[in-house]
Amino acid sequence: MRMCTFTRALAVGALAVPVLIGCAGLASADEGLDANWGNGQFVANQNGAGLAGADSSVSADGIQHSDFWVWSDDSGVSGSFTGSGATWNNG
């Protein structure tokens, strides 16, 4: 049972880092248009643990969208990630 707990914590932690880095990048934008949206959910109970999220942003440099989910239970860890975007130079 201890290995399941460790696996769940590792899976959730591995996905939390990119989300935090993305938020830091949005916070550091310093000029022009900036619009963003994000939504997420975390579940941990006797059946397993999971994390899901989606985010979109538009800035002077381009547009970006991503969504992901990860689930960990006694049978293992599974998940999915989709991302897309476009960048341009307005200079």
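Structural data are supplied above this passage.
About the cut-offs
Residues numbered from 1 in each chain as written. Predicted model: local features only at pLDDT ≥ 70, side-chain atom pairs only at ≥ 80, totals over all residues. Heavy atoms only, no water. Helix = DSSP H or I, 4+ residues; strand = E, 2+ residues; numbered from the N terminus. Buried < 20%, exposed > 50% of the residue type's maximum accessible area, 1.4 Å probe, protein only. Contact = heavy atoms within 4.5 Å. Areas by Shrake-Rupley, 256 points an atom, 1.4 Å probe, with all protein chains shown as cover. Pairing = 2+ DSSP bridges.

**Student:** Which residues make up the overall build of the chain, and what values do they have?
**Tutor:** For the chain, the count of helices and strands is one helix and four strands. Helices and strands in the chain line up, N terminus first, as α-β-β-β-β. When burial is assessed residue by residue, the chain has 15% of its 91 residues classed as buried. Partitioning the intrachain contacts of the chain with sequence separation of at least 6 by distance along the chain shows that 37% fall at a separation of at least 24. When the accessible surface of the chain is split by element, carbon and sulfur atoms take 60% of a total near 6400 Å².

**Student:** Describe the pairing of strand β1 (residues 34-45), with residues and values.
**Tutor:** The pairing of β1 with strand β2 (residues 48-59) spans twelve bridges and is classified as antiparallel. Paired with G38 across the bridge in β2 is D55. Between β1 and β2, which pair antiparallel and follow one another directly, the connecting turn spans two residues.

**Student:** A description of the environment of G76 should follow, citing residues and the corresponding values.
**Tutor:** One can find G76 in strand β4 (residues 76-87). G76 sits 28 residues away from G48 along the chain, and the two C-alpha atoms are 9.6 Å apart.

**Student:** Would you mind going over the pairing of β2 in detail, with residue names and values included?
**Tutor:** As judged from the eleven bridges shared by β2 and strand β3 (residues 62-73), these two strands associate in the antiparallel manner. Looking at the pairing, D55 lines up with S66 of β3. Here β2 hands over to β3 after two residues, the two strands then running antiparallel side by side.

**Student:** Give a detailed account of the environment of A54, specifying residues and quantitative values.
**Tutor:** The residue A54 is located in strand β2 in this model. Taking the C-alpha atoms as reference, A54 lies 9.6 Å from Q41; in sequence the two are 13 residues apart. Every residue in contact with A54, bar those within four places of it in the chain, is listed here: W37, G38, N39, S66 and D67.

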